[in-house]
Amino acid sequence: IILPKAGAQTTKKQIIAITATTDGRYYIDKEQVSYSDIEPRLQEIAAAGGDNTTILIRGENTIELQKVTDLFELARRNGLTPILGVQAPKKSRR
């Protein structure tokens, strides 16, 4: 069997995490930022090569859904691809 050759090179995607906590704190990766600083940072990320960047949106399990939705909208509005990061609940030991 002769398989076709791919003509395009693959590029490694960069993943940047934005985390929202129930007590109102926000983080870009591990750096704490204010909510008002998130959009300017996303604009910088988009200008530096947003096509190869995915924004991982994370929130604590009891966070308001609107806060997560707002972060999704900020990423999309700046031409970035947001995805939701979820963590399965820990199994209780019996």
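Scoring rules and cut-offs
- Residues numbered from 1 in each chain as written.
- Predicted model: local features only at pLDDT ≥ 70, side-chain atom pairs only at ≥ 80, totals over all residues.
- Heavy atoms only, no water.
- Phe/Tyr/Trp six-rings, centres within 6.5 Å; stacked < 30°, edge-to-face > 60°.
- Buried < 20%, exposed > 50% of the residue type's maximum accessible area, 1.4 Å probe, protein only.
- Helix = DSSP H or I, 4+ residues; strand = E, 2+ residues; numbered from the N terminus.
- Pairing = 2+ DSSP bridges.
- Right-handed = clockwise from strand over helix to strand, strands pointing away.
- Arc of directions from axis to C-beta.

## Some words on the packing of aromatic side chains
- Applying the stated criterion across every chain, the model contains 1 aromatic pair.
- Between tyrosine 26 and tyrosine 35 the ring centres are 5.3 Å apart and the planes differ by 55 degrees, which places this aromatic pair in the tilted class.
- What makes tyrosine 26 buried here is its relative accessible area of 9%.
- Take tyrosine 35: its relative accessible area is 35%, and that puts it in the partly exposed class.

## Thoughts on unusual backbone geometry
- The backbone phi angle of aspartate 29 is positive, close to 55 degrees, even though this residue is not glycine.
- If you trace the backbone, aspartate 29 turns up in the loop between β2 (26-28) and β3 (31-33).
- You can call aspartate 29 partly exposed: its relative accessible area is 39%.

## Some details on the pairing of strand β4 (residues 53-59)
- For β4, the tally of buried residues reaches 5 of 7 residues, placing the bulk of the element in the interior.
- In terms of strand pairing, strand β1 (residues 14-20) meets β4 through 7 bridges, oriented parallel. What sits directly across from isoleucine 18, in β4, is isoleucine 57.
- The pairing of β4 with strand β5 (residues 81-85) spans 5 bridges and is classified as parallel. Of the residues in β5, the one forming a bridge with isoleucine 55 is proline 82.
- After leaving β4, the chain enters helix α2 (residues 65-77) and then returns to the sheet as β5, a path that is right-handed.

## Things to note about helix α1 (residues 35-47)
- Of all the positions in α1, only Ile38, Leu42 and Ile45 are classed as buried. All buried residues of α1 fall inside an arc of 60 degrees around its axis, so they share one side. Pointing more than 90 degrees away from the buried face of α1 are the exposed residues Ser36, Glu44 and Ala47.
- Taken from the residues just after α1, glycine 49 is the one with a positive phi, measuring 125 degrees.

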